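Listed below, chain by chain, are the residues.
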Amino acid sequence: MNLKIKNKNILTLDELDSKEIEHLLELGLEFKKQQKKGHEKPILQNKTLAMIFEKPSTRTRVSFEVGMLQLGGHAITLSADNLQMARGETISDTAKTLSRYVDVIMARVYDHDTLEEFSEHSSIPVINGLSDLYHPCQILADFMTIKEHKKNLKKIKIAWIGDGNNVCNSLILGCSKLKTQISVATPDGFEPSSVAVSTAKLHTDIEITNDPIKAVENADVVMTDTFVSIHNTDKNRLEKFLPKFTVTPNLMEQAKKDAIFLHCLPAKRDQEVSSVVIDGPQSVVWDEAENRLHVQKALLVSLLNV
Ligand code: CP
Ligand code: NVA
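Let us look at the structure shown here. (Residues numbered from 1 in each chain as written. Chains lettered and ligands numbered in written order. Predicted model: local features only at pLDDT ≥ 70, side-chain atom pairs only at ≥ 80, totals over all residues. Heavy atoms only, no water.)

**What to know about a negative patch on the surface**
Now for step 1: A cluster of acidic side chains, namely D111, D113, E116, E117 and E120, defines a negative patch on the protein surface.
Now for step 2: Looking at where E120 falls in the secondary structure, it is placed in helix 4 (residues 112-121).
Now for step 3: When its relative accessible area of 62% is taken as the criterion, E120 is described as exposed. (Patch = residues over 30% accessible without salt bridge, like charges linked within 9 Å, V, L, I, M, F, W, Y side chains within 5 Å. Areas by Shrake-Rupley, 256 points an atom, 1.4 Å probe, with all protein chains shown as cover. Salt bridge = Lys/Arg side-chain N within 4 Å of Asp/Glu carboxyl O. Lys, Arg positive; Asp, Glu negative; His and termini not counted. Charge placed at Lys NZ, Arg CZ, Asp CG, Glu CD. Helix = DSSP H or I, 4+ residues; strand = E, 2+ residues; numbered from the N terminus. Buried < 20%, exposed > 50% of the residue type's maximum accessible area, 1.4 Å probe, protein only.)

Below is the structure:
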């Protein structure tokens, strides 16, 4: 069932072609089944993952660590503050050093360029565990969740409402690879990265609008994320989003009747989403959080080619 991923690093999601994405989703579903039955094999025995965090994390840290553990491997958590990088050791020297000890690196950083530089000097795979610009692992879990609930990712429409942020940038790259219809509604000035949009537009058409009602029209999936990401410092951001871009029951009613709601979490209830939506029957956010574990196992196994 294994397939070697052509690119060494996963930094944006653009590194994967549609066949590789489909394979990871299938493998993630298979790992989920195996884990529920208690049938997992220690296929990552003697493999070590180093995880570097410049920013806080709950899901990314725990799902990667537990994933390695469940497959017989090991994970080391490194806070960027406690590495010699904090005292001026270069990114390249750190990458070269870690490459001599561990088999794969996952890093959560502020500046996306840090990851680019890290992966340039690392001889082992580097996975983006979130940067200011992209969050590819989240979108793999989101696609796996959508596949579970909607079966065919190619025949659906996804609506992204709110901030054109890191999660949104990876989402549009992923949708372009799978040729999934996507409409993004953001306030003026909060559109997704122009690089991500132009890259995605090489493969497919993407609707970008300032009208959330237009975006959710006929949508099978409605997604949002916090309006204030970890790297955002502008205190007046929220007023640009509220109340127009909150995913309310009224907005959900404009989508298809059987539309599902996704949020990568952590959520600010009654800011980007009404409590009744995120805690209601259309929400699949707990499946989505769980699927980080399964699809990242698929990613690790495929990058390590075991
Ligand atoms: N969704 C996500 O990446 O969550 P954490 O910030 O808790 O890792
Ligand atoms: N956009 C959010 C995602 C958190 C998982 C952030 O960058 O803080």
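**A closer look at the layout of surface pockets**
Now for step 1: Considering only enclosed or pocket space, the largest pocket measures out at about 440 Å³ in volume.
Now for step 2: In terms of lining, the largest pocket is formed by 26 residues, of which the most central are D225, T226, I230, L265 and P266.
Now for step 3: Looking at the lining of the largest pocket, the elements with two or more residues in it are helix 2 (59-70) and helix 6 (166-178).
Now for step 4: Considering only residue class, the lining of the largest pocket consists of 10 nonpolar, 10 polar and six charged. (1 Å grid on protein atoms, 1.4 Å probe; cavity = no way out; pocket = protein on both sides within 12 Å on 5 of 7 lines; lining within 4 Å. Points joined across faces, edges and corners; volume = space filled by probe spheres on them. Nonpolar A, V, L, I, M, F, W, Y, C, P; charged D, E, K, R; others polar.)

**Brief notes about the environment of K47**
Now for step 1: Topologically, K47 is positioned in the loop between helix 1 (18-37) and strand 1 (48-53).
Now for step 2: Residue classification places K47 among the partly exposed residues on the basis of a relative accessible area of 24%.
Now for step 3: Residues K47 and V104 lie 57 residues apart in sequence; the distance between their C-alpha atoms is 8.2 Å.
Now for step 4: The contact partners of K47, leaving out residues within four places of it in the chain, are M68, G73, H74, D103, L304 and V306. (Contact = heavy atoms within 4.5 Å.)

**Some words on the site of ligand 2**
Now for step 1: The environment of ligand 2 is formed by L130, N165, N166, D225, T226, S229, I230 and L265.
Now for step 2: At a separation of 3.3 Å, a nitrogen atom of ligand 2 approaches a polar side-chain atom of N165.
Now for step 3: The side chain of S229 places a nitrogen or oxygen atom 2.7 Å from a nitrogen atom of ligand 2.
Now for step 4: A total of 270 Å² of accessible area belongs to ligand 2 in isolation, and the protein chains cover 94% of it.
Now for step 5: Structurally, ligand 2 is housed in the largest pocket.
Now for step 6: Per-class residue counts for the shell around ligand 2 are three nonpolar, four polar and one charged. (Near = heavy atom within 4 Å. Polar contact = N/O pair within 3.5 Å; in protein donor to acceptor, adjacent residues only side chain to side chain. Sits in = over half its atoms within 2 Å of the grid points.)

**Digging into the packing of helix 5 (residues 136-150) against helix 6**
Now for step 1: Between helix 5 and helix 6, the shortest axis-to-axis distance is 8 Å and the interhelical angle comes to 55 degrees. Here helix 5 lies oblique to helix 6, going by the angle between them. The way helix 5 lies across helix 6 gives a crossing that is right-handed. Contacts between helix 5 and helix 6 involve P136, Q138, I139 and F143 from the former and V167, S170, L171, G174, C175 and L178 from the latter. (Axes fitted to C-alpha atoms, helices over the stretch in contact; angles between N-to-C directions. Parallel < 35°, antiparallel > 145°, perpendicular 65-115°, else oblique. Left-handed = near helix turned anticlockwise from the far one by under 90°.)

**Points about the sheet that holds strand 5 (residues 157-161)**
Now for step 1: Spatially, five strands are ordered 7-6-5-8-9 in an open sheet, and the strand pairing comes out parallel. At either end of the open sheet lies a strand with only one pairing partner, and these are strand 7 (206-209) and strand 9 (260-263). Neighbour to neighbour, the strand axes of the sheet diverge by 20 degrees on average, direction disregarded.
Now for step 2: Looking at chain direction, strand 5 and strand 6 (residues 181-185) are connected through five bridges and run parallel. From the neighbouring strand, I158 faces strand 6, where its bridge partner is I182.
Now for step 3: Running at roughly 165 degrees to strand 9, helix 5 makes contact with strand 5, strand 8 (221-224) and strand 9 of the sheet. (Pairing = 2+ DSSP bridges.)

**Thoughts on helix 1**
Now for step 1: Taking 1.5 Å of rise per residue, 20 residues should cover 28 Å, and helix 1 covers 29 Å from first to last C-alpha, within 8% of that figure.
Now for step 2: Every buried residue of helix 1 is listed here: E20, I21, H23, L24, L25, L27, G28, F31, K32 and Q34.
Now for step 3: Buried residues in helix 1 make contact with helix 5, helix 6 and helix 12 (285-304).
Now for step 4: Two to three positions downstream of the cap, the backbone nitrogen of K19 sits 3.2 Å from a side-chain oxygen, assigning the N-cap of helix 1 to D17. (Expected span 1.5 Å × (residues − 1).)

**Observations concerning the nonpolar core**
Now for step 1: In terms of nonpolar packing, the biggest core is built from 58 residues, with L49, I127, F143, I158, L171 and L299 touching the most fellow members.
Now for step 2: Setting aside anything within four residues of it in sequence, one finds I127 in contact with I10, F64, V104, I105, M106, A107, L115, C137, L299, L300 and L303.
Now for step 3: With 22 residues, the next largest nonpolar core counts A215, V216, V273 and I278 among its residues. (Core = buried A, V, L, I, M, F, W, Y, C linked by side-chain atoms within 4.5 Å.)

**Comments concerning the site of ligand 1**
Now for step 1: Every residue lining ligand 1 is accounted for by S57, T58, R59, T60, R108, H135, Q138, C264, L265 and R292.
Now for step 2: Within the backbone of C264, a nitrogen or oxygen atom sits 3.0 Å from a nitrogen atom of ligand 1.
Now for step 3: Between an oxygen atom of ligand 1 and a side-chain N or O atom of R292, the distance comes to 3.1 Å.
Now for step 4: The cavity that encloses ligand 1 is the largest pocket.

**Points about the packing of aromatic side chains**
Now for step 1: By the definition in use, this model includes three aromatic pairs.
Now for step 2: With 6.5 Å between their ring centres and 75 degrees between their planes, F241 and F245 make a pair best called edge-to-face.
Now for step 3: Given the relative accessible area of 0%, F241 is considered buried.
Now for step 4: Under the relative-accessibility criterion, F245 is labelled buried at 2%.
Now for step 5: Here the aromatic cluster, defined as three or more aromatic residues joined through ring pairs, consists of F190, F227, F241 and F245.
Now for step 6: Sitting above the plane of the Y110 ring, K55 keeps its charged end 4.9 Å from the centroid. (Phe/Tyr/Trp six-rings, centres within 6.5 Å; stacked < 30°, edge-to-face > 60°. Lys NZ or Arg CZ within 6 Å of the ring centre and 35° of its normal.)

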